[in-house]
Every structure is written in structure tokens, then in C-alpha cells.
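A structural walkthrough
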Amino acid sequence: MRAKLNALMIKSFRFFSLSRNFISVPLTSPPPPDTQILNLRLLCTRAALPSTETLDGNVEQVQGDDGYQPNNSSHVLRQWGCNDNDIYKIFSRRPSLRNCNIANLQSKLQVLSELGLTSSDLVKIVNCRPRFLSCRIDQPLNHRLKYLQDFFGSKEVLNKAIIRNPSLLTYDFKVRIKPVIELYDSMGLSREDLILMLLSRPTLIPRSSLNDDKLEYIRKTKVSKDSKMYKYVVTLIAISRLETIREKVANFEKFGFSDEEILGLFGRSPLLLTLSIDKVQRNMTFVLGTMKLPARVALEHPFLLFTNLESVLKPRVLLAGKIRDMGLAPQIKGHALLTALRMKEKRFAEAFIKCHRDDIANELMEYYRKAKCVKRLAESSKKNLHKGFPF
């Protein structure tokens, strides 16, 4: 009991001392009401309380624009315009921001405000680059922003590019940004084409490099600078590792294609460079083994390599066999098979399933749905191993 009494006395003494330091209430005469309100506001600010009651009984909200400095990052973000949901998403993506330096955070938010970015844009930026608000923004910033705005043509397009790749504000300007833009300009890409590529592939700047071997690959595609495919060929080869390009070319060679045919195919369909070796092997194996088509059909119809094997190729080919076994018409074979594989799901169903009687259509639809549900063997235990550029 005596120990509890001593502890209570110590707490009372500390509270009295704290009250005298923060509020400074003299024993003789009370201070003016305005001074009392200011002292109470200061006390609540340091205690991080959401509101306080003044001496006249009115409740005043503690906000950042009332003349005092926020005391944590959540107050800074709320003062900048973020709501509770935005702050939750930001802290979930980057928990260390809860204890970040307030002055540094305010300076970065000030930069975003000058660019015209909003709280929803900040959520997208942190989701894309969680460390953005923890990184140092390279200086001098005014020269960088002027250069980027002149390059993108307007502040709106610049903001869109920053949201897609916030690192535009943190990259080394003289080592990263300027040399890469000059590199693509020397390759014959127009400013409009380069802007389109920067927006579609945000990591174009840090990953671009060209050497003699890559330039030789670009030349062998035989794509002219006036072609619409030229910008895709140049940028995809520039951001890919040389070893990766060689591996993908060697993978096509296994199916009997020559280097000239492979690089010509890359020139007509550059996005083939984004496909993994495993996907190309599996689709080509299905085309050769199950569909019984020659390998050269992939040169004429590259969509066979892009189409999903489990949800499109295999179910529709199996349904074509089912229709053939049932002796129904129209048949899915020859050129009609290639056309059917490119159809949208709704159009395919109307053309080859719903065109029959209800009982037959229901049977075919059930068979088609079951074929789509068959997953790849051990797909659930597959490990996601990313090698090279994560397209």
C-alpha cells in the first residue's frame, strides 16, 4: 500500500511539473484566454492528441494548418491530402515510413505538389517503388524537371511517366537519363516513339545498353527505321541481356529454323522476345505433336506462340476432335482451325457450340469447360524463378 501511494505521488508530481512547463499557469492570476488556448494546443500537439477542449468549452480539432508542425509521418501525409485509406496502403507497402524523417518526407511531398501530383498518385508511386520516399532525390532538381518537361512535351505526360516510373526523379541525371535518351536518338527513334516506349516499359532507362553484338541482331532483323516495329525491336534488344537473346535464338533453332528466319520473325513480331523459353517450347511441342502441323506454321502465324496453351489451344483443339468424332458440322480443321484459335471466347462459342441443338450444345459446352479446367501437371507446386528482365 505504501509503495502504491509513493508511485501515485510521483505521478502527480510529474503531471504537475509537466503542466507548469507546457501551460505555465501562475498561482496568482490566470493568463489571458488566448494564451490558455495556445498553451493547451501546444500540449495536445506534443502529446499527439487528435483534439482538445479550450477553457470556454469549445472543442478544436488539431490540424496541420493551424500553425504547428506535424509530429509524425501520418500527420504529414494527412496534411498533404492523403486520407486514412491512402495512408494505410502507403504504410502497408513501406512500413518503415512510419518512423521516417519528417523534414525529408515533407521536402519530397513538396516536390510532388509542385508537379501537380495528388494523393492517389502517391499511392501508385509507393506501390510501384516502395523505397521512393526513402530515397534521396537527386539535385539540382529544377534542371532535371525542366529537361524532362521539355522532352515529354507537357507536365501531364511527365506526370504520367513519373507515376509509371518514379525513379525518373532519383536516377543520376548525367549518367543514366541523358545518355540513354541520346543513345536512342542516335538509333533513329523519334521523340514520340521514345516517349511511348518509356511509358510502356518503365525500366527502359536503367536497363538499356547496346554493343556490337546487339547492333548486329538489330541489323539482321531487316527492319527499317520507318517501320512501326523498329522502336519495339530496338528497345527490346537494348534492354535484354545478350545471353538471353542467344538462348532464345538457340531455342528456335531446335525446331529447325535458321538464324535468318528467327531474326526475321523477331522483326515481324518483336514481342516474341518477351516470351520465356519454356512457353515457346511447350506451345511448339503442342503444335507439332498434337495439332500435327509443320514447324514453319509458327513463322506464318506467330499467335500460336502467344496463345495460352491451357485455356485456349488445348481446349479448342480437343473440342475440334470431339466435333469430328460426333460427325457434326461445321468442322474445325485446316484454315478454320487457325481461325478458331484466334477468335474471342464468345464468338468461338457461338460459331462452333451454340449453333447446334440445345442438347448437343450443352454436351459440347460441358466438354469444353472440362477441357479448360485441366491444368498443367504439378502447376500448383511450380516455383516462380525469374531470370533476366522481368517482362
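Read on for an overview of the structure. (Residues numbered from 1 in each chain as written. Predicted model: local features only at pLDDT ≥ 70, side-chain atom pairs only at ≥ 80, totals over all residues. Heavy atoms only, no water.)

So, on to the overall build of the protein chain. Scanning the protein chain from terminus to terminus reveals 22 helices and 2 strands. Here the contacts in the protein chain between residues at least 6 apart in sequence split such that 67% fall between residues at least 24 apart. Counting only carbon and sulfur atoms, one obtains 53% of the accessible surface of the protein chain, whose full area is about 23,300 Å². (Helix = DSSP H or I, 4+ residues; strand = E, 2+ residues; numbered from the N terminus. Contact = heavy atoms within 4.5 Å. Areas by Shrake-Rupley, 256 points an atom, 1.4 Å probe, with all protein chains shown as cover.)

Next up on the list: the pattern of salt bridges. In total, this model carries 12 salt bridges according to the counting rule given. Ionic pairing is found between aspartate 150 and lysine 146, a salt bridge with its closest N-O pair at 3.2 Å. Note that aspartate 150 and lysine 146 are positioned in helix H7 (residues 141-152) at a spacing of 4 residues, about one turn of the helix. Arginine 296 is the partner of glutamate 261 in a salt bridge, and the nearest nitrogen-oxygen pair spans 2.7 Å. (Salt bridge = Lys/Arg side-chain N within 4 Å of Asp/Glu carboxyl O.)

With that settled, the discussion passes to the environment of arginine 94. Tracing the chain through its elements places arginine 94 in the loop between helix H4 (84-93) and helix H5 (102-115). Counting along the chain gives 35 residues from arginine 94 to arginine 129, while the straight-line C-alpha distance between them is 9.3 Å. Aside from chain neighbours lying at most four places away, what touches arginine 94 is Val126, Pro130, Arg131 and Ser134.

Moving on, we get to the environment of serine 200. Here serine 200 lies in helix H10 (residues 191-200). Accessibility expressed as a relative area gives 39% for serine 200, which makes it partly exposed. For serine 200 and alanine 161, which are 39 residues apart along the polypeptide, the C-alpha to C-alpha distance reads 9.3 Å. A polar atom in the side chain of serine 200 sits 3.2 Å from the backbone oxygen of methionine 197. (Buried < 20%, exposed > 50% of the residue type's maximum accessible area, 1.4 Å probe, protein only. Polar contact = N/O pair within 3.5 Å; in protein donor to acceptor, adjacent residues only side chain to side chain.)

Right, let's talk about the packing of aromatic side chains for a bit. A full pass over the atoms with the stated rule returns 6 aromatic pairs. Centroid distance phenylalanine 252 to phenylalanine 266: 5.8 Å. Interplanar angle 80 degrees. Geometry classified as edge-to-face. Separated by 14 residues along the polypeptide, phenylalanine 252 in helix H14 (residues 242-253) and phenylalanine 266 in helix H15 (residues 259-268) bring together distant segments of the chain. Judged by its relative accessible area of 2%, phenylalanine 252 is buried. Consider the rings of phenylalanine 348 and phenylalanine 352, whose centres lie 5.4 Å apart with planes at 45 degrees: the pair is tilted. Here phenylalanine 352 and phenylalanine 348 lie together in helix H21 (residues 345-352), a separation of 4 residues that amounts to about one turn. Feature note: the residues Phe252, Phe257 and Phe266 constitute an aromatic cluster, connected by ring pairs. In this arrangement the basic side chain of lysine 322 is found over the ring face of tyrosine 367, its NZ or CZ atom lying 5.4 Å from the centre. Sitting above the plane of the phenylalanine 303 ring, arginine 342 keeps its charged end 4.9 Å from the centroid. (Phe/Tyr/Trp six-rings, centres within 6.5 Å; stacked < 30°, edge-to-face > 60°. Lys NZ or Arg CZ within 6 Å of the ring centre and 35° of its normal.)

Counting through the fold element by element, arginine 98 comes out in the loop between H4 and H5. Residues arginine 98 and serine 73, spaced 25 residues apart in sequence, show a C-alpha to C-alpha distance of 5.8 Å.

Now for the packing of H21 against helix H22 (residues 358-373). At a closest axis distance of 11 Å, the pairing of H21 and H22 adopts a crossing angle of 140 degrees. In this structure, the crossing between H21 and H22 has a hand that is right-handed. Counting all contacts with H21, which are made through Glu345, Phe348, Ala349 and Phe352, the residues of H22 involved are Leu364, Met365, Tyr368 and Lys372. (Axes fitted to C-alpha atoms, helices over the stretch in contact; angles between N-to-C directions. Left-handed = near helix turned anticlockwise from the far one by under 90°.)

A few words on helix H13 (residues 230-239). Counted residue by residue, H13 has 9 buried out of 10 residues, so it is predominantly covered. Those residues of H13 that fall on the buried side of the exposure criterion are Tyr230, Lys231, Val233, Val234, Thr235, Leu236, Ile237, Ala238 and Ile239. Its buried side turned inward, H13 meets helix H9 (173-186), H10, helix H11 (204-207), helix H12 (212-220), H14 and H15.

For the rest of this paragraph, the subject is unusual backbone geometry. For the bond running from alanine 329 to proline 330, omega is 10 degrees, close enough to zero to count as cis. Examined against the element boundaries, proline 330 turns out to sit in the loop between helix H19 (309-326) and helix H20 (335-342). Its identity as a non-glycine residue notwithstanding, lysine 222 has a phi of 60 degrees, on the positive side. Within the fold, lysine 222 resides in the loop between H12 and H13. For lysine 292, which is not glycine, the phi dihedral falls at a positive 60 degrees. For lysine 292, the location among the structural elements is in the loop between helix H16 (277-289) and helix H17 (297-300).

Fair warning: the whole summary comes from geometry, so function is off the table for now.
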